[in-house]
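Structural overview
Below, each chain spelled out in residue letters.
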Amino acid sequence: MRSLRKGLKVSTVTTLALGLMVGCSSTNTPASNGTAAPGANTPASKSAPTKAADTGEKVTIRFTDWANNEEAKSTRISLDAFEAAHPNIKVDYQNVALAEFGAKLSAMAASKTLPDISTMLEAQALKYAESDILMDLSSYYKDGSVTPKLESNKFVTPDGKLLGYSAANEIILLHYNKDMFDEAKIPYPPAETEKAWTWDQMLDVAKKLTKDKGGKHPGEAGFDAKNIVQYGINVSHSQDFFWTPFAISNGGGEVSQDGKELLLDKPETIEAIQKIADLSNVEHVSPTAAQSSGLPGDVGQLLLSKKVAMVTSGQWELVNINPQLKNGLKNGIGVLPIFKKPATTNTGTPMVVYKSTKHPKETIELYKWLMDIEKNLANIDSGVWMPTEMSWYTDPEKIKRWTQSPVHPPEYKTAVIDYALKATYPTPWFFLPTYSRIGDVLNPGLDQVWLGTKSAKDAIAEMMPKIKPIFDSGKAN
């Protein structure tokens, strides 16, 4: 549930009430998506439609999200089926534009007009939880009424309250145009975790796929960096979770996976950030911010235009790639290049229930429905969602159902499904209360690095006196 979103810098919500103390638990290794969620030994919910609470009257519950047009259509299909299966429940579906969602939710919280249930910008979840606005959903997973989900998709407070899981799993990977590789007679990017390119191998290929208006490549005599007509790669970095896979791969990151150590000023983190910035400002294989402004909008349009051969972004970009298949785009997927070890980060929009709901039984019925993969296959087929349950990564029949649409290329099984199991590190917003506040300093603070006007080392050194007190506070607000 992240389409058309990651290129934007999302403003955080207004300050809420104070609450929880810091302290979280995870692992220092890639998230073992095989770890069962709470209640994993209890019976899973049946796929048959659940019956709404028989109140004798029709109730209306409000569901709010920020899905783009294609995803909203898929969601509406699911909601229509829910209403058909629950004739006494009507869903008032409010779809808010992404750019307005954070502010809209803040305004609703302030005016006490929150919806009954909603998706939420990931960085908002622990902020709202600290203000005791969200329902603890632990019991519905412990009793098996909601099927156990991947542990890497769990939003949990420091004191163990379960805000919920992502409605969909997502990982960062490499999208590319196969025709551009064929035309250059270059093998496709590796689609297996164990065969990932090194950073230098990726850079070599990116140079071969970058050319100026005279057909010259970076490093060749006469190459004109001011008149590039085709770029080899675009490594997204508008928000931190795009570049953290490379920092983690290099032995750094933002914070440790147990949330106890700040890693931003480690040399390994700084080196990875600088290497990404150098792709535009030194190597000239990736568009600068100014150059990007003249390129087509979403990843599907960008690859179709052949202005860029490869893009690192989320799996969710398949929903933007899908419409371009009919226009001749031959899309491919690869695993990310590595420094020292394979690494990708996972994201996923939390589905939350608000304590203020006047219809908790009916709202929980909708929550169960929206968290049931079988009820939301339209979002899987479109390419915007990855499932959140282990069986969809291991059961051949479910994998076949998941990947049957044309937008899922033949290499999808190894490049996405297997990769997600082998190399995933959860983004800290799942467990770190201070994540959003750190991001308010970090993301704009790196702008000069991406522009090439400041080194990563200097930028991080300037930010640390602001970031460390935030981290040490343990407070989301």
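Residues numbered from 1 in each chain as written. Predicted model: local features only at pLDDT ≥ 70, side-chain atom pairs only at ≥ 80, totals over all residues. Heavy atoms only, no water.

The name recorded for the protein in an unreviewed UniProt entry is Sugar ABC transporter substrate-binding protein, from Paenibacillus alba. The record in UniProt for the protein states the following under Sequence similarities (unreviewed entry): "Belongs to the bacterial solute-binding protein 1 family." (UniProt positions renumbered as here; feature names shortened; annotations may be inferred.)

Broken down by element type, the protein carries 19 helices and 13 strands. Per-residue burial for the protein yields a buried fraction of 57% across its 477 residues. Of all intrachain contacts in the protein linking residues separated by at least 6 positions in sequence, the fraction that spans at least 24 positions is 77%. Approximately 18400 Å² of the protein is accessible, and the part contributed by carbon and sulfur atoms is 53%. (Helix = DSSP H or I, 4+ residues; strand = E, 2+ residues; numbered from the N terminus. Buried < 20%, exposed > 50% of the residue type's maximum accessible area, 1.4 Å probe, protein only. Contact = heavy atoms within 4.5 Å. Areas by Shrake-Rupley, 256 points an atom, 1.4 Å probe, with all protein chains shown as cover.)

With respect to the helices, strands and loops of the structure, Leu209 is situated in helix α6 (residues 199–209). C-alpha of Leu209 to C-alpha of Met310: the two residues are 101 residues apart in sequence and 9.2 Å apart in space. With residues up to four places along the chain from it excluded, the contact list for Leu209 reads Met180, Phe181, Ala184, Ile186, Gln230, Tyr231, Gly232, Ala309 and Met310.

The next subject is the side chain of Asp372. As for its position among the elements, Asp372 is in the loop between α12 (360–370) and α13 (377–381). In this structure the side chain of Asp372 is engaged in a polar contact, spanning 2.8 Å, whose partner is the side chain of Lys375. (Polar contact = N/O pair within 3.5 Å; in protein donor to acceptor, adjacent residues only side chain to side chain.)

Turning to the pairing of strand β1 (residues 59–65), a few remarks are in order. Counting buried positions along β1 yields six of seven residues, so the element is predominantly enclosed. Sheet analysis places β1 next to strand β2 (residues 89–95), joined by seven bridges and oriented parallel. Bridged to Ile61 within β2 is Val91. As paired elements, β1 and strand β3 (residues 117–119) share two bridges and run parallel to each other. Bridge pairing links Thr64 to Ser118 in β3. (Pairing = 2+ DSSP bridges.)

We now examine the side chain of Thr64. For Thr64, the location among the structural elements is in strand β1. The residues touching Thr64, leaving out its near neighbours within four places in the chain, are Gln94, Val96, Phe101, Pro115, Ile117, Ser118 and Thr119.

Right, let's get into the sheet that holds β3. Here we have four strands laid out as an open sheet, ordered β2-β1-β3-β12, and mixed in their pairing. Edge positions in the sheet fall to β2 and β12 (351–353), since each of these pairs with one other strand and no more. Neighbouring strand axes in the sheet, compared pairwise and without regard to direction, differ in orientation by 20° on average. Across the face of the sheet, α12 comes into contact with β1, β2, β3 and β12 while running at roughly 45° to β1. (Axes fitted to C-alpha atoms, helices over the stretch in contact; angles between N-to-C directions.)

Turning next to the pattern of salt bridges. With the rule as written, the count across this model stands at 19 salt bridges. Across the pair Arg76 and Glu83 runs a salt bridge whose closest N-O atoms are separated by 3.7 Å. Among the charged side chains, a network of salt bridges with common partners joins Arg76, Asp80 and Glu83. (Salt bridge = Lys/Arg side-chain N within 4 Å of Asp/Glu carboxyl O.)

Next up on the list: the environment of Ile77. Looking at the secondary structure, you find Ile77 in helix α1 (residues 69–85). The exposed category is assigned to Ile77, whose relative accessible area is 53%. Taking the C-alpha atoms as reference points, Ile77 and Leu377, separated by 300 residues in sequence, lie 9.7 Å from one another.

Spanning 17 residues, α1 covers 25 Å between terminal C-alpha atoms, matching the ideal 24 Å at 1.5 Å per step. Glu71, Ala72, Ser74, Thr75, Ser78, Leu79 and Phe82 are the residues of α1 that are buried. For α1, the buried positions fall inside an angular range of 160° around the axis, keeping them on one side. For α1, the exposed residues set more than 90 degrees away from the buried face come down to Asn69, Lys73, Ile77 and Ala84. (Expected span 1.5 Å × (residues − 1). Arc of directions from axis to C-beta.)

The description of two aromatic rings rests on the distance between their centres and on the angle between their planes. For the structure shown, the criterion picks out 16 aromatic pairs. On the numbers, 6.5 Å between centres and 80° between planes, the contact of Tyr141 with Tyr367 is edge-to-face. Remark: Tyr367 occurs in helix α12 and Tyr141 occurs in helix α4 (residues 138–142); sequence separation between them is 226 residues. This pair shows no difference in class: Tyr141 is buried, exactly as Tyr367 is. Summarising the aromatic geometry, the rings of Trp199 and Phe246 are spaced 5.3 Å apart at their centres and angled 75° between planes, so their arrangement reads as edge-to-face. Pair noted here: Trp199 is in helix α6 and Phe246 is in helix α7 (residues 240–249), with a separation of 47 residues, a long-range link. Judged by relative accessible area, Phe246 falls into the buried class, the value being 1%. (Phe/Tyr/Trp six-rings, centres within 6.5 Å; stacked < 30°, edge-to-face > 60°.)

This brings us to the packing of α6 against helix α8 (residues 267–281). Helix-helix packing: each pair is described by the crossing angle between the helix axes and the interaxial distance. In contact at an axis separation of 12 Å, α6 and α8 are set at 10° when each is read in the N-to-C sense. In this view, α6 runs roughly parallel relative to α8, as classed from their interaxial angle. Here Trp199, Met202 and Leu203 of α6 come into contact with α8, specifically with Lys275, Ile276 and Leu279. Residue classes in the contact of α6 with α8 are distributed as five nonpolar, no polar and one charged. (Parallel < 35°, antiparallel > 145°, perpendicular 65-115°, else oblique. Nonpolar A, V, L, I, M, F, W, Y, C, P; charged D, E, K, R; others polar.)

Before going further, it helps to spend a moment on α12. Every α-helix carries 3.6 residues per turn, so stepping three or four residues along brings you back to the same face. Most of α12 is tucked away, with nine of its 11 residues classed as buried. Residues of α12 that are buried: Glu362, Thr363, Ile364, Glu365, Leu366, Tyr367, Lys368, Trp369 and Leu370.

Closest axis-to-axis distance for the helix α17 (residues 435–445)/helix α19 (residues 456–473) pair is 9 Å, and the angle between their directions is 175°. Compared by their axis directions, α17 and α19 come out roughly antiparallel. For the pair α17 and α19, the contacting residues are Arg437, Ile438, Val441, Leu442 and Gly445 in the first and Ala459, Ile460, Met463, Lys466, Ile467, Ile470, Phe471 and Ser473 in the second. Class assignment of the residues belonging to the contact of α17 with α19 gives a composition of nine nonpolar, two polar and two charged.

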